[in-house]
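# Structure assessment
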Amino acid sequence: MADQDRGQDREGDRERSGEGAGSDTLTVDELAARAGVTVRTIRFYGTRGLLPPPTIGARRVGRYGPDHLSRLALIEELQHQGMTLAAIERYLQRLPDDLSSYDLALHRAVVASWTPDTVDESTRGQLEGRVGRELTDDDLERLAAMGVLERTDDPEVFRVDPALLHLGTRLLDVPISQPAILAAREVLQGHARAAARELSTLFKDEVWEPYREQEVGPEQLERMKSLSAHMQPIVVQALLTAFQRSLREELRGAFPEERSPRVGGAEAAAPPTPADG
């Protein structure tokens, strides 16, 4: 019964967020332009089972939607990690079938969290193509305030943080004031830095320093140095799960007589790390 309720909750969330078959409005050419890939790539992914089939609309034309876009973005992140298509196929097969585009975005964020920081340059037109919408001057100012992009000497060229681009674009449509978004960003960054600092200190004091005091060979020392890198995705998943549970409890306390706002479904199915593939 509980599983049935969770399934109904997911379906309701998808309907309220505009997902599902009714939101599949993109042609394959439009999907390719939005995702920054070729039509041939989309069709190839479809034959490999990496993408779900499109919704067949009028005149037997295939239509794609948010789920396809989010899955393409996740595939791109996994490729950046050096995973082969066979490994990506195994990775995606381990995810629940009913994940929404929001859930897939969370999985992508977790994967991207251990990708080296990168910044690329895009023109205004390229930016609009990547996010699939026109960006007004006010939109650009808000994205700059959120740290998603920086202006360059050329007023039509911007330095863009790819990891934040789609998140920032979605926040443009959220009915929350810019000061509130920036305040929330400061809260998250402050607590994230504090958690990272305390965990780093714990690792140094309890793991690294005692290990250094032992007489070990060069190979063992290098293995220990790489341990922190291997621990990062595990820590990120643990933080994400702990935060979602805490946020859900706080929302239930803040809205005791109402159904609390949705906070995502990644907790139920934490993504495997790229190393698992």
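Residues numbered from 1 in each chain as written. Predicted model: local features only at pLDDT ≥ 70, side-chain atom pairs only at ≥ 80, totals over all residues. Heavy atoms only, no water.

With a phi angle near 60°, Arg 60 is a residue other than glycine that sits in the positive phi range. Take Arg 60: it is sitting in the loop between strand 1 (55–56) and strand 2 (62–63). (Helix = DSSP H or I, 4+ residues; strand = E, 2+ residues; numbered from the N terminus.)

Here the focus is a nonpolar patch on the surface. A cluster of nonpolar side chains, namely Leu 199, Leu 202 and Leu 239, defines an oily patch on the protein surface of about 260 Å² accessible area. With respect to the helices and strands, the residue Leu 239 is situated in helix 12 (residues 227–254). Relative accessible area serves as the criterion here: at 42%, Leu 239 is assigned to the partly exposed category. (Patch = residues over 30% accessible without salt bridge, like charges linked within 9 Å, V, L, I, M, F, W, Y side chains within 5 Å. Areas by Shrake-Rupley, 256 points an atom, 1.4 Å probe, with all protein chains shown as cover. Salt bridge = Lys/Arg side-chain N within 4 Å of Asp/Glu carboxyl O. Buried < 20%, exposed > 50% of the residue type's maximum accessible area, 1.4 Å probe, protein only.)

This paragraph deals with the environment of Ser 70. With respect to the secondary-structure elements, Ser 70 resides in helix 4 (residues 66–80). A sequence separation of 33 residues divides Ser 70 from Asp 103, and the C-alpha atoms of the two residues are 8.9 Å apart. Residue contacts for Ser 70: discarding those within four places in its chain leaves Ser 101 and Leu 104. (Contact = heavy atoms within 4.5 Å.)

Below, the discussion takes up the pattern of salt bridges. Once the charged atoms of two side chains with opposite charge are near each other, the side chains can pair. Inspection of the entire model under this criterion finds 6 salt bridges. The partner of Asp 173 in a salt bridge is Arg 133, with the nearest N and O atoms 2.9 Å apart. Pair noted here: Asp 173 is in the loop between helix 9 (162–171) and helix 10 (178–213) and Arg 133 is in the loop between helix 7 (124–131) and helix 8 (137–145), with a separation of 40 residues, a long-range link. On the basis of relative accessible area, Asp 173 is assigned to the exposed category, the value being 56%. Put simply, Arg 133, Asp 139 and Asp 173 are held in one network by salt bridges that share partners.

Attention now goes to the sheet that holds strand 4 (residues 149–151). Across the sheet, which stays open at both edges, the 3 strands sit in the order 3-5-4 with antiparallel pairing between neighbours. Looking at which strands have only one partner, the edges of the open sheet turn out to be strand 3 (120–123) and strand 4. With strand direction ignored, the average angle separating the axes of adjacent strands in the sheet is 35°. Bridging between strand 3 and strand 5 (residues 157–160) involves 4 bridges; their strand directions are antiparallel. Residue Thr 123 lies in a different strand from strand 5, and its bridge partner there is Val 157. Set on the sheet, helix 7 makes contact with strand 3, strand 4 and strand 5; between it and strand 3 the angle comes to about 100°. (Pairing = 2+ DSSP bridges. Axes fitted to C-alpha atoms, helices over the stretch in contact; angles between N-to-C directions.)

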